[in-house]
Amino acid sequence: MPPHPVPLGFVFRSRAKEEKAPSAETVTDSKNPRHPEAPKGRPTPKRSQAQSQRRSVANTSMSRKDAAKRQREERRAALERQRQALASGDERYLPARDKGPVRRFARDFVDSRFNIAEFFLPMAVVILVLSMVRVASLQNVALLLWLVVIVLIVLDSVVTGFRLKKQLNERFPDENKRGAVAYALMRSLQMRRLRLPKPQVKRGERP
């Protein structure tokens, strides 16, 4: 028997229904549209995550200015701590040239005794005044005083350096003592009240 013919109206109606009916994929995609910030193949980020990401990007753009401001504040705080340490002798915040037990002993050794070199500035002022007076005898006295002061300072510095070096070798045999004697002699040239770090021992007191 010949096959039963299919009505043409049924074929056209079924095709129209297929074209009008959306696929499951299309419905799913329309319900969950991909976020423009979400990479392909990854889930859409939540609103809180997107806001935090935008906030982090904004913070990153300001980080350079904030970092520079923070560095200035830290530098200012470090200088203030260093200034206080120079006045109190706090080893934690002293400059590198003043740190360590060797340098501390060198300072105490100089501060515990009288040094002729520390009176150099007052004596220099007196000698300068005498040399400016237009009297031959006073000018000769001023010249003689210059020579005496220079000789005394040299002798005192030699004796101080020799004694200090001996003490350092006895007390710190394994420590690095390079530059400690020169450091102490430079300190002896300053007046006691102007020395930094401030003296921590009295005159005549053993360091």
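Look above for the structure.
Residues numbered from 1 in each chain as written. Predicted model: local features only at pLDDT ≥ 70, side-chain atom pairs only at ≥ 80, totals over all residues. Heavy atoms only, no water.

Participant: How should the packing of aromatic side chains be read in this particular structure?
Facilitator: Pairs of aromatic rings are described using the distance from one ring centre to the other and the angle between the two planes. As enumerated under the stated definition, the model contains three aromatic pairs in all. Taking 6.3 Å as the distance between ring centres and 35° as the angle between the ring planes, the aromatic pair formed by F105 and F109 counts as tilted. Residue F105 and its partner F109 are both found in helix 4 (residues 101-111); the two are separated by four residues, about one turn of the helix. The residues F105 and F109 share a single accessibility class, namely buried. Centre to centre, the rings of F105 and F172 are 5.9 Å apart; their planes meet at 70°, and the pair counts as edge-to-face. Here F172 lies in the loop between helix 6 (136-171) and helix 7 (180-188) and F105 lies in helix 4, a separation of 67 residues in the sequence. (Phe/Tyr/Trp six-rings, centres within 6.5 Å; stacked < 30°, edge-to-face > 60°. Helix = DSSP H or I, 4+ residues; strand = E, 2+ residues; numbered from the N terminus. Buried < 20%, exposed > 50% of the residue type's maximum accessible area, 1.4 Å probe, protein only.)

Participant: It is not clear to me how a positive patch on the surface should be interpreted in this structure. Could you clarify?
Facilitator: On the surface, a cluster of positive charge is made up of K69, R72, R75 and R76. Checked against the element boundaries, K69 lands in helix 3 (residues 47-88). Look at K69 and you get partly exposed, because its relative accessible area is 47%. (Patch = residues over 30% accessible without salt bridge, like charges linked within 9 Å, V, L, I, M, F, W, Y side chains within 5 Å. Areas by Shrake-Rupley, 256 points an atom, 1.4 Å probe, with all protein chains shown as cover. Salt bridge = Lys/Arg side-chain N within 4 Å of Asp/Glu carboxyl O. Lys, Arg positive; Asp, Glu negative; His and termini not counted. Charge placed at Lys NZ, Arg CZ, Asp CG, Glu CD.)

Participant: What am I meant to see in empty space enclosed by the protein here?
Facilitator: The probe, sized like a water molecule, is rolled over the atoms to show the empty space still left. All told, the structure shown has one cavity of 30 Å³ or more when counted by the stated rule. The computed volume of the largest cavity comes to approximately 40 Å³. Contributing to the lining of the largest cavity are G89, R104, R107, D108, D111, R187, P197, K198, P199 and Q200. Per-element accounting of the lining of the largest cavity gives the leading share, four residues, to helix 4. Grouping the amino acids of the lining of the largest cavity by side-chain chemistry returns two nonpolar, two polar and six charged. (1 Å grid on protein atoms, 1.4 Å probe; cavity = no way out; pocket = protein on both sides within 12 Å on 5 of 7 lines; lining within 4 Å. Points joined across faces, edges and corners; volume = space filled by probe spheres on them. Nonpolar A, V, L, I, M, F, W, Y, C, P; charged D, E, K, R; others polar.)

Participant: Help me out: how do you make sense of the side chain of R103 in this one?
Facilitator: By the secondary structure assignment, R103 is in helix 4. Buried within the structure, R103 lacks any salt-bridge partner; D98 is the closest side chain of opposite charge, at an N-O distance of 5.9 Å. Of the polar contacts made by the side chain of R103, one reaches the backbone oxygen of R97; its length is 2.8 Å. Those residues in contact with R103, other than ones at most four positions away along the chain, are R97, D98, R178, G179, A180 and Y183. (Polar contact = N/O pair within 3.5 Å; in protein donor to acceptor, adjacent residues only side chain to side chain. Contact = heavy atoms within 4.5 Å.)

Participant: Hey, could you run me through the nonpolar core in this one?
Facilitator: In a soluble, globular protein the nonpolar side chains are often hidden away together inside. Ranked by size, the top nonpolar core spans eleven residues in total: V102, F105, A106, F109, V110, L164, L168, F172, A180, Y183 and A184. Breaking this core down by element, the ones donating at least two residues are helix 4, helix 6 and helix 7. Looking at which element gives the most residues to this core, the answer is helix 4, with five residues. Listed in part, the five residues of the second largest apolar core include A117, I127, A142 and V149. (Core = buried A, V, L, I, M, F, W, Y, C linked by side-chain atoms within 4.5 Å.)

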